[in-house]
Amino acid sequence: MERPHDLGGEPAGPVDRREHEVEDWERLTDAITIALDRKGVKTTDEHRRAIESLPDYRELSYYERWAAATENLLVEKGLLSREEIDARAAELSRAWGER
Amino acid sequence: MSGHDHPHEGPGRTASPYALRIRAIESLLVEKGVLTEAEIQDQIEYMYSRSPANGARLVARAWVDPEFRRRLLADTKAAALELGIDASGPVEFVVVENTPEVHNLIVCTLCSCYPRAILGRPPDWYKSFEYRSRAVREPRAVMREFGHEPPEGVRVAVHDSTADVRYMVLPMRPEGTEGMSEEELAALVTRDSLIGVSVPRPPARAR
Amino acid sequence: MSPFEPGDRVRVLDLGKPGHVRTPRYVRGKTGRVERALGEFRNPEDLAYGGDGLPRRGLYRVAFDQRELWEGYEGPAGDSLYVDVYEHWLEGA
């Protein structure tokens, strides 16, 4: 879907006013994204573009979009590879006994 | 429609797969020297220190001091700094004032831009597809959902933050607040009134 | 010199540009009034792909009449919508 983010004026339902407690991983995602911006590794504009390009934009939550976009930009810029992220995630998962 | 924006329907909900991935990314970035743990922690601290209370203080000061109000509207970053609020950075801030003629509402339809450097993180609903879609097209219906109906004759002005300017509303001072201290006034200024979906709380006791 | 002054009537072009653009679909082809010039900024359309965003582009806050933007808009004639639009998306109307 082209421009899944360009939502202004689309029909939509009531605004859900419930608020969730920010999770640690969301705080971390926010911090890493901004820290990379501050250091000049990427720009806010690249971050937005990466979010807008996500094929599952409409299915992901706000911070899932941030995390996915940050990952994609780091891979795009050759700073990390998908394989090493996968491998580290698997290691952490084993170490913490998560799924 | 809002996907996983509100996944917290009860115990035993599954964690996002991105929770694990961002920790893997953190670990790799630090290992490779792209970022340090201190730099990451600095950003976490930065966001902790930003909250709607900052906006409330700016509004309360503007209510009691007409010269500060003028400065807040003319150069928001500089005025914020007077109160010890550091909103420095490449983004510009503009405060739009509510008057007896105009009520302002802020949205970012394209992504959820928000004056984070002053107010901290936006509420979940501000980032929702429903708010982003409808705030521009039916602002009065959205405000009604938040319990606010502008009085007869008041025009509604919506601001879509599409570029590098972030907007905050300067609400009108509620009736019956004469003689209240700045601190008491700040306590009336809600986050939602700074976005424009509603107005500040009325004073606790009729005067 | 700024190509547009406050009060100028402007039409938002539908440039059909792919990629990262910050002009929402809902204002394309619509006519509004320049409320103020916001200054010059690096072009996000270029920054988004790692470019330097130069030359800077003028950014304008443009006011639209809600009744002209949306069919069946619920509200009085004075309701307005402000959007920050880059100069290359605008033409005098």
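Residues numbered from 1 in each chain as written. Chains lettered and ligands numbered in written order. Predicted model: local features only at pLDDT ≥ 70, side-chain atom pairs only at ≥ 80, totals over all residues.

1. Remarks on the nonpolar core
What counts, and what does not: Think of a nonpolar core as buried Ala, Val, Leu, Ile, Met, Phe, Trp, Tyr and Cys residues chained together by C-beta atoms that fall within 7 Å. Residues are called buried when their C-beta atom has 20 or more other C-beta atoms within 10 Å, exposed when it has 12 or fewer, and partly exposed otherwise; all C-beta atoms are positioned from the backbone. A helix here means a DSSP run of H or I that spans at least four residues, while a strand means a run of E at least two residues long, and both kinds are numbered starting from the N terminus. It is the C-beta atoms, placed from the backbone, that decide contacts: two residues are in contact if theirs lie within 7 Å.
Counting residues in hydrophobic clusters, the biggest one holds 96 residues, and the most contacted among them are Ile32 of chain A together with Val158 of chain B. Ranked by residues supplied to this core, first place goes to helix α3 (residues 62-76) of chain A with eight residues. Setting aside its immediate chain neighbours within four residues, Val158 of chain B contacts Leu105, Val107, Ala135, Val136 and Pro139 of chain B together with Leu81 and Tyr82 of chain C.

2. Topic: helix α4 (residues 82-96) of chain A
Since one α-helical turn is 3.6 residues long, residues separated by three or four positions face the same way. To be explicit about the condition: Multiplying 1.5 Å by the helix residue count minus one yields the expected span of that helix.
The end-to-end C-alpha distance of α4 of chain A is 21 Å, a good match for the 21 Å that 15 residues give at a rise of 1.5 Å each. Residue Gly97 of chain A follows α4 of chain A closely and has a positive phi angle near 65 degrees.

3. Observations concerning the interface of chain B and chain A
Under the convention used in this document: As a working rule, the residues Ala, Val, Leu, Ile, Met, Phe, Trp, Tyr, Cys and Pro are called nonpolar, Asp, Glu, Lys and Arg charged, and the rest polar, with Gly in that last group.
Taken residue by residue, the interface counts 46 residues in chain B and 49 residues in chain A. Sorting the residues of the side of chain B that touches chain A by element identifies α1 (17-31), α2 (37-48), α7 (124-127), α8 (129-137) and α9 (139-145) of chain B as the ones contributing at least two each. Residues belonging to the side of chain B that touches chain A are distributed by class as follows: 21 nonpolar, 11 polar and 14 charged.

4. Focus on the packing of helix α1 (residues 24-38) of chain A against α1 of chain B
To keep things clear, this is the line we draw: Geometry is summarised by axes, namely lines fitted to C-alpha atoms with helices restricted to the contacting stretch, and by angles between N-to-C directions that run from 0 to 180 degrees. Angle categories are assigned with fixed cut-offs, so that under 35 degrees is roughly parallel, over 145 is roughly antiparallel, 65 to 115 is roughly perpendicular, and the rest are oblique. Here a crossing is called left-handed whenever its near helix is offset anticlockwise from the far helix by less than a right angle, and right-handed whenever the offset is clockwise.
Where α1 of chain A contacts α1 of chain B, the two axes come as close as 9 Å, and the packing angle between them is 45 degrees. In terms of orientation, α1 of chain A lies oblique with respect to α1 of chain B. As α1 of chain A runs across α1 of chain B, the sense of the crossing is left-handed. Within the contact between the two elements, α1 of chain A uses Trp25, Leu28, Thr29 and Ile32 of chain A and α1 of chain B uses Tyr18, Ala19, Ile22, Arg23, Ile25 and Glu26 of chain B. Classifying every residue of the contact of α1 of chain A with α1 of chain B gives seven nonpolar, one polar and two charged.

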